[in-house]
Each structure stands twice: as structure tokens, then as C-alpha cells.
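The chain contents come next:
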Amino acid sequence: MATVDVIKCCLDSIRQISDSIKDATVYLDAGSTESFQFLGAFPLFLELGARSVCSLENMLALDKVVDWKTNPSPVRKIVIITSCLLSGTHRYILRCLSMLRSVRYCAIYTSISEVAHSTYPDSPLGPDAFYEYETLLNQDYEELVRKHESDPSMSGDGMLDQSTEEEGWSQLTSMEDDADEISGVRLPQEDYSPDHSDDVGQKLKISVHHFPLILCPLSPRVFVLPSEGSVAEASLSTEHESSISYGLPPLSTGHLMDTEDVTPGATLTAQFLYHFALKMDLKLEIFSLGDLSKNVGKLLTDMSSLYDVGRRKRSAGLLLIDRTLDLLTPCCHGDSLIDRMFTSLPRRQRIPSFSQVKGGKSQLKNCPVKLERSPLAVEIPLQKFIKDEDSKNNSQLLESIESFLYGWYSVDLDSKDMESMKHSKKLNDETQFQRDRNELLHGAFVSTDNFRGAPYLEALLDRRTKDGAMLIKKWLQECLRRENISSDLKIHPGFSKSDLESFVRALAMRQPCLLKNRGIVQLAAATLHAFDELHSASWDAFSSAEKILRVNAADTSQSLAAQISDLINKTTLVASQVQKDMKKSAGLFSLHDALLMTVIAYVLAGENFPTSGSDGPFSWQEEHFMKDAIVDAIIENPTISNLKFLHGLSEELKSKLNKTESDEMKKDTSDPLPDVEFDDDQWGAWGDDDEDKETTNEQQYDNMQLKLELKDRVDHFFKFLHKLSRVRSNSTLREGLFALESRHTDDPYTSKGLLHKLLTSILDKQDVPGLEYHSSTVGRLFKSGFGRFGLGQAKPSLGDQNVILVFVIGGINGVEVREAHEALTGSNRSDIELILGGTTFLTPDDMRELLLGDYSHA
């Protein structure tokens, strides 16, 4: 029987639309670009006959002259692939059509199903959503053309602004004007005149299709969803008592939501998983753990219905898990090289949305919250390994790049601007060249890159940090031998950064060799960046502090609270020293980091000391010390930002406390008064002294009020921490998780995450309390109808399935992938195929933003 391969299935789905891709210009939105980058699918588009592959959001009028095959004919066909709702990409699609007036066929492929479009909150599209969108898009496009014909002087962007405000689309998009703020290029007016007489009278043909497999595979059996796709951006909870963040499931209470209250993220996740299983040809037996997972499981079961009866599919078990059942694993800095890479490497900048351009998050009050997650596309720095020794070559390369950019942006520049721009550049400026080259020379993760058939990322996901680094060193040595490149450098035993760097430089000396081995070169460069002194020291410091937290959590609440207070006080001391001497280093831990450690401490305390205090796991005195430490830390560092519980107070803190500091500095630096004899004039100055005293008293009163307000905010934040300490407050769930932990009492096992413990029990075919099975329609029929005649259907066991799909709603990280593989290897169940998926790929920085940043419910 064929093995399950997510990468192969995704690539096959692209080949299935080859007829549309042939001779077409393909436009990808940010989410699908991210997905196809991980897939390494761009060469496949060209192989299938695409003229070019372009960005939808950054679309330019000059895209019509870009052609891989140098085809002189105008663009007649375009294919748009999007991971978002059609309402979110409508303006970009309309803008694309308006720029390419020669297009006669437009095929739109969206990863969001027709049903999901019709059920999304405030959507104007009905049950026949795709056909309705085709009609509305045609109407908007024709209206755009008519407006130009009636007023040829009107600019393209001006018409586009008006078209999106027409009745029917005002609900679909909040994008009002200034399209050039997103694209950076004005629409040439001549594009609105037909280029060819044979186009006159021909109507634009538009078709919309469902293309579900837009995801980011990290390996053939591990995937996450694109960060800028609608599923990952949709909120997973609303603001209520059991919620902790828009980007995380609510805390489990044992109660299912009403159908009307199910969040957009739950609905879109259920739709994705249903169509993912269809594409993978799997018949799912659904199990869930956690309240939101139960809601998603119920939606999936309702969608399955009688439609799947009798179809020959491979049976598979689906395990849905709420991320909030285990907050520790993604918050901590675990033993995973992939996690280190994703945390340290810079990410591609998000494409700004129109809501950002028009005033930030003001729309959040009136429509579903849209999360702006960190892009998964990393930018691996390669410039230090690829050097041109000849400065003349450097100047020639830069001159070629600039010449290309002059032509590219010529639609926005007149001849005078071009000349002034040309003279302002210094082609022989090595600093400028280095800066431009740094922006161009960066790599990315591609899951299809492999060493003799073994994907690089898959092998690294299954290994710990040092083992993964040693494996990369071994791959580099094999590549050097295969390329007959001899190295006279002494090779050190074990892992050495100098060895890795010398190997990479040797492979990068020749361009053909570099291109041939680009996969391993990029991974080695990412490893060196992760092991850079700054990043490595920070990660190791976090890891050590987290280990001490675990040790103290097994001891007493007093020692755990003392460690947190000490950590916060150290950040206060460092902040005060930095303010006095700007040359001083900011230290390894910031206040943001200390607050994340506080979150970890409260989750640990909730597991170990659930009854220490009346409201939380710590006593009143222990919490009092921690609160005072946080207040002092914020006062010493008033510039701290991106903390939800300080919203509306940050600017006031910064201005008033900085004023106090400046007054103190003036007082300290003022010259001492000389000794003089008293005279009558000095007696007249007493009134001025009284005025100064009144001003000082007012300032002190204002600062006292500000400090009291700050204490109230900190008190509110600690109520949020109390909520986090009760992540396992559901009695049935708590008993089930306690049973999982009690089965293994060895110290190494206690630090394992929930996913490892669950899979170990499931593969051993042990019962997991709280794990709910969602019976299909046929199963419910047997249970309620034929069951009375002795024809009941036995409840299946997840451990009996040969294919197990685990999806963590809220996201996964590299440590969980490795631990899941270890659980499978330890079970000696070689017959089982395990697939892991999640909403996104989480790092500790992502968790800090979700729990403490703008999307937190703190």
C-alpha cells in the first residue's frame, strides 16, 4: 500500500491544473507563495508551461512583458492562486485585471471552500459562492472599463477606488483608496486602451475553483498552514472568561459551544481538514481532546455524512488537540535545531494590509479579528559565504542591478527623475554594494531539498540540536568528496562552527557547485546563524532558567516565586544601568522575556501547587513581591511596548517618568549657589519658591496617580496569570492528563510534552480519559437504531489505525515533532504512518506575542 506523502500530494494537485497553467501568467498571494516556497514548486510551474510566476499583492503593469519562454504575444490568460477568502483578495484581483487589459481568461483558485465562503461571518456570498463571485467580479470589471471609456482622463487607481465602493462590494472589502501605497507603482493610463483590434467585443471569462492543498510542508509527513492564509489568520476564540488569546483555543471547561458561537478559525480549520482528507484519499475516524477540538470534530463529522459511505478509501485516525492543553512546550526553549533556526533567523516582511495603511486595527471592533502571525518564510543570510574578490566585478554587478531597477520602475519616473537618480548613485561605493547584496543574497527552507533521496528538513526534525548539527557536518563532508574538493583545514572532532564555515565557503567558491548543493549550503548557513554567539547565548540562558524553574516547581512555591522575583529585579537593574550608560549591553533577558518566564512559572505552579493560594497557585505574600518587582521594572523601563495590559498607559508612562528624570538631571547638574549676604530683594523671592513647591507637589501627585494606575494594571495581569494556571481545571481532563503522567515516573519523561505522552499511551492501546470519539452518521445510526437488535458498532481505537493524523489547533513546534517521532520509534509499531499538522509553527517569541501582545486577553 502506498505511503502517505503530503509533499507528493501537493505537487500532484498542481499538476492536475496544468491545463490552466499552460501559457498563463501565474499570480500567487503571500500565503500561497509561502506554501510553494516550502514545496519548491516554482520550477514545476515553469515546467507546466507558465509564462511567469508573479506576486499578486505586488502586481506591476510590467508583469505582462515578463515571459520565461520569451513569447512575443500578449498575455491572454492568467491564473490566480490564493490562500485567502475571495473578499480579502478581491481588490488585488480587480487591480490585476485592470492592468492586463489583453487578458481574456482568468482562473482563480482559492484554498477556502465554497461552503466556508458562504458561512464566514458577514460574508455577502451565498451557498453558490463561487458563481456569485464570478458574476460580481465581472460586473466590477465591466464597470471599471465603462468609467474609463466615459472619462479617459481618469487614472487607473482612481477608477479602482470607486469600483470597490459600489454596492455589493463595500461589505467585501474595507480597502478604499491609495492602491499605490501597497503596490508602489501607478497604473499607466495607456493600459486602458485595447492593444489589439481582435480583442474588441470579447468578454472576459472568469472561473473560480477550490484548491485545498495550500499548506507549508516541513517534511513529507509534517505540515503547518501558511501564516498569511485565511485559516491561520482567523481567530480561534472570542473575548470571554475562558479565553486567553485570539490566536489560541479557549481553556477547556467541558462545554461545547453553540453552532452560532463557533469561531471562524474553528469553521475554517474543519473545512480544511475535511478537504485535506479527501485529497489524501483518507476516511477519517475522528478523536478530539479539548473543547475547541470537540467543536471542530463535530463540524467534521457533520460534513462527512452519508456522502463517504461505500467509497474505497484508506482508513485513518484523526486526533485533534487544543494547544492550550500544553502551553509549556511551545513557550520553552527546547532541544531542537529547527526551533533554534526559526527563532534566530530573520523573517520575510509581511505584506501590509489596507487596514494597516488606513489606521491599524480599528476594524477589529466591527469584523472578525484577523491575526497577523509571523511569516514562516525565513531569510537565511548567505552574503558572508559568497564573496567576489574583484571590486570591478562588484561595480559591474551593481550597475547591472541598478539598470534593471531603472527599467522596472520607469513607469513612475520621468527622464529628469531618472537622471537625478542616476547621478545620485555611486556605483563604486563598496558600502552601498554590500548593503544591496545583503538584501539580495539570502536563502530559504525548501522541504524537497534532499541528500540522496532523504529530505534535509525531515532528518533534522527528528533529531536533537547537537545531533542535527553533526548530521549537517556529515552531509557537507559528503558533498565535498562528491565534488572532489579537497580541504587542507584541520577537522575538529565533534561539532565545530569553524569546520562548518570552512566547508560552506569551499562549496560556495564555484557557482555550479553552489547551485548544485544549495540545499545543504542554506541549512549550514542557518545553523551557523543559530549558533552565533548572541543567539546561542540567549537560547542557552533561557533553557537553563527554564530547567531551574522545573526543579523549583518540584520543590516549593516559595522557591519558584523567589526565582521569578529575582529574574525581574535583574532586568530592572540592567535597565537602570543602560539608562545611565547607553554603551552598556541590554543583557540576555528583557522585561518581556522575564514576563514570559513568569507565564511558564504560573503554568508549572498550577500543575504542582493548585491549592496554594485562594485565587492562584502562590500565596498573597509571594505574589505581592512579584507584583512590586514588575511595577519597579516598568518604571525603570517606561519605553516598554507591545504589552496588552499596558495599552493606553505606555505613552503616559514614558512622558511623565522621563520628565521626572530630566528634572532630576537638571537639579543634579545645576551650579551651587554662591555665598552672599541677605538683602531685601531676596525676601521678595519667597512667593516664587511657593509656586515651585506647588508645581513639584502637582508632579508628585500625578506620578503617584500614575503608579497607582500601573499597580491596577499589574493586578489585572496577575488575574490573567491565575487563569493560565488553571489550564487543566476541567476535572475529567485533569484526571486524564494526570493518568498519563503517572504511568511514567522516570525523570526524563516528566519533561516530555503532552503530545509525546498522548501518542505513547495511544500506541500502547491504553485508554486516555477525556479523549472523545466522534461517531459518523452511520455509526450513530447503528448505535441508536440497530443497536437495540444487537447490531451495534464497536467504538474504534485510535491505536488500531495504520495511519494517524495529529492536528494541533493553535500550532506546533520542532520539539513536539521530534518527541512524536520518538514515541512512534519507542512503540515498535513500524506499521503506523504518523502525520503531524498544526495551525502554524510556533516559537517562544510567537507564544510571548500571543499571550502578552496585542492579541492577548490579558
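Please read all numbers here as calculations on a predicted model, not as lab measurements.

A few points about the overall build of the protein chain
- A tally of helices and strands in the protein chain yields 36 helices and 16 strands.
- Taking all 858 residues of the protein chain together, the buried fraction comes to 51%.
- When the accessible surface of the protein chain is summed, it comes to about 40300 Å², and 51% of that surface belongs to carbon and sulfur atoms.

A few points about the pairing of strand β8 (residues 282-289)
- Within β8, 7 of the 8 residues are buried, leaving the element largely enclosed by the surrounding structure.
- Looking at chain direction, β8 and strand β9 (residues 314-322) are connected through 8 bridges and run parallel. From the neighbouring strand, Glu285 faces β9, where its bridge partner is Gly317.
- Taken together, the 3 bridges between β8 and strand β14 (residues 772-774) define a ladder with antiparallel strand orientation. Paired with Ser288 across the bridge in β14 is Glu772.

Some remarks on unusual backbone geometry
- Not every positive phi belongs to a glycine, and Asp23 is a case in point at roughly 65°.
- Checked against the element boundaries, Asp23 lands in the loop between α2 (18-21) and β1 (25-28).
- Positioned with a positive phi, Asn828 is a non-glycine residue whose angle comes to about 60°.
- Mapped onto the secondary structure, Asn828 falls in the loop between α35 (814-826) and β16 (833-838).

A short note on the confidence of the model for the protein chain
- Summary statistics for the protein chain give a mean pLDDT of 79 and a share of 71% for residues scoring 70 or more.
- The spread of mean pLDDT over the elements of the protein chain runs between helix α9 (residues 180-183), the lowest at 38, and strand β7 (residues 222-224), the highest at 97.
- Contacts for the low-pLDDT stretch residues 778-782, under 50 throughout, to residues beyond four places or in other chains number 12 contacts.

Quick word on helix α27 (residues 620-636)
- The end-to-end C-alpha distance of α27 is 24 Å, a good match for the 24 Å that 17 residues give at a rise of 1.5 Å each.
- The set of residues buried in α27 consists of Glu622, Glu623, Met626, Ala629, Ile630, Val631, Ala633 and Ile634.

Here's the deal with the pattern of salt bridges
- Overall, the coordinates contain 31 salt bridges when judged by the stated rule.
- Close ionic contact of Glu143 with Arg146 constitutes a salt bridge, the shortest N to O distance being 2.6 Å. Of this pair, Glu143 and Arg146 both sit in helix α7 (residues 129-150), 3 residues apart, which is roughly one turn of that helix.
- For Arg146, a relative accessible area of 45% translates into the label partly exposed.
- Between Glu822 and Arg818 there is a salt bridge, and its shortest N-O distance comes to 2.8 Å. Linking Glu822 with Arg818, this pair stays in helix α35, spanning 4 residues, or about one helical turn.

Considerations on helix α20 (residues 465-482)
- Spanning 18 residues, α20 covers 26 Å between terminal C-alpha atoms, matching the ideal 26 Å at 1.5 Å per step.
- Those residues of α20 that fall on the buried side of the exposure criterion are Thr465, Gly468, Ala469, Leu471, Ile472, Lys473, Trp475, Leu476, Glu478, Cys479 and Leu480.
- Its buried side turned inward, α20 meets α14 (337-344), β12 (450-451), α19 (456-461), α21 (497-507) and α23 (518-530).
- Where α20 terminates, the next one or two residues include Asn484, which has phi positive at roughly 55°.

Quick word on the packing of aromatic side chains
- Scanning the entire structure with this criterion turns up 18 aromatic pairs.
- Each ring, one from Phe451 and one from Trp475, has its centre 6.3 Å from the other, and the planes form 35°; the classification is tilted. Placement of Phe451 in strand β12 and of Trp475 in helix α20 is noted, with a sequence separation of 24 residues between them.
- Taking the relative accessible area as the measure of exposure, Phe451 reaches 11% and is therefore buried.
- Residue classification places Trp475 among the buried positions, given a relative accessible area of 6%.

Topic: the packing of helix α5 (residues 86-99) against α7
- Two elements in contact, α5 and α7, have axes whose closest approach is 11 Å; the angle formed by their N-to-C orientations is 40°. If you check the angle between α5 and α7, you find them oblique. Regarding α5 and α7, the two cross each other, and that crossing is right-handed. For the pair α5 and α7, the contacting residues are Leu86, His90, Ile93, Leu94, Leu97 and Ser98 in the first and Phe130, Tyr133, Leu137, Asp140, Tyr141 and Leu144 in the second.
- Split by residue class, the contact of α5 with α7 holds 9 nonpolar, 2 polar and 1 charged.

Some points on the sheet that holds strand β2 (residues 52-55)
- Strand order in this open sheet of 5 strands is β2-β1-β3-β4-β5, and the pairing throughout is parallel. This sheet does not close on itself; its edge strands, each paired only once, are β2 and β5 (205-210). Each strand of the sheet is rotated relative to its neighbour by a mean of 20°, with strand direction disregarded.
- By the bridge criterion, 4 bridges tie β1 to β2 in an arrangement that is parallel. Bridge pairing in β2 links Tyr27 to Cys54.
- Its contacts with the sheet put α7 on β4 (105-110) and β5, and the angle it makes with β5 is roughly 150°.

Criteria and cut-off values
- Residues numbered from 1 in each chain as written.
- Predicted model: local features only at pLDDT ≥ 70, side-chain atom pairs only at ≥ 80, totals over all residues.
- Heavy atoms only, no water.
- Helix = DSSP H or I, 4+ residues; strand = E, 2+ residues; numbered from the N terminus.
- Buried < 20%, exposed > 50% of the residue type's maximum accessible area, 1.4 Å probe, protein only.
- Areas by Shrake-Rupley, 256 points an atom, 1.4 Å probe, with all protein chains shown as cover.
- Pairing = 2+ DSSP bridges.
- pLDDT = per-residue confidence, 0-100.
- Contact = heavy atoms within 4.5 Å.
- Expected span 1.5 Å × (residues − 1).
- Salt bridge = Lys/Arg side-chain N within 4 Å of Asp/Glu carboxyl O.
- Phe/Tyr/Trp six-rings, centres within 6.5 Å; stacked < 30°, edge-to-face > 60°.
- Axes fitted to C-alpha atoms, helices over the stretch in contact; angles between N-to-C directions.
- Parallel < 35°, antiparallel > 145°, perpendicular 65-115°, else oblique.
- Left-handed = near helix turned anticlockwise from the far one by under 90°.
- Nonpolar A, V, L, I, M, F, W, Y, C, P; charged D, E, K, R; others polar.

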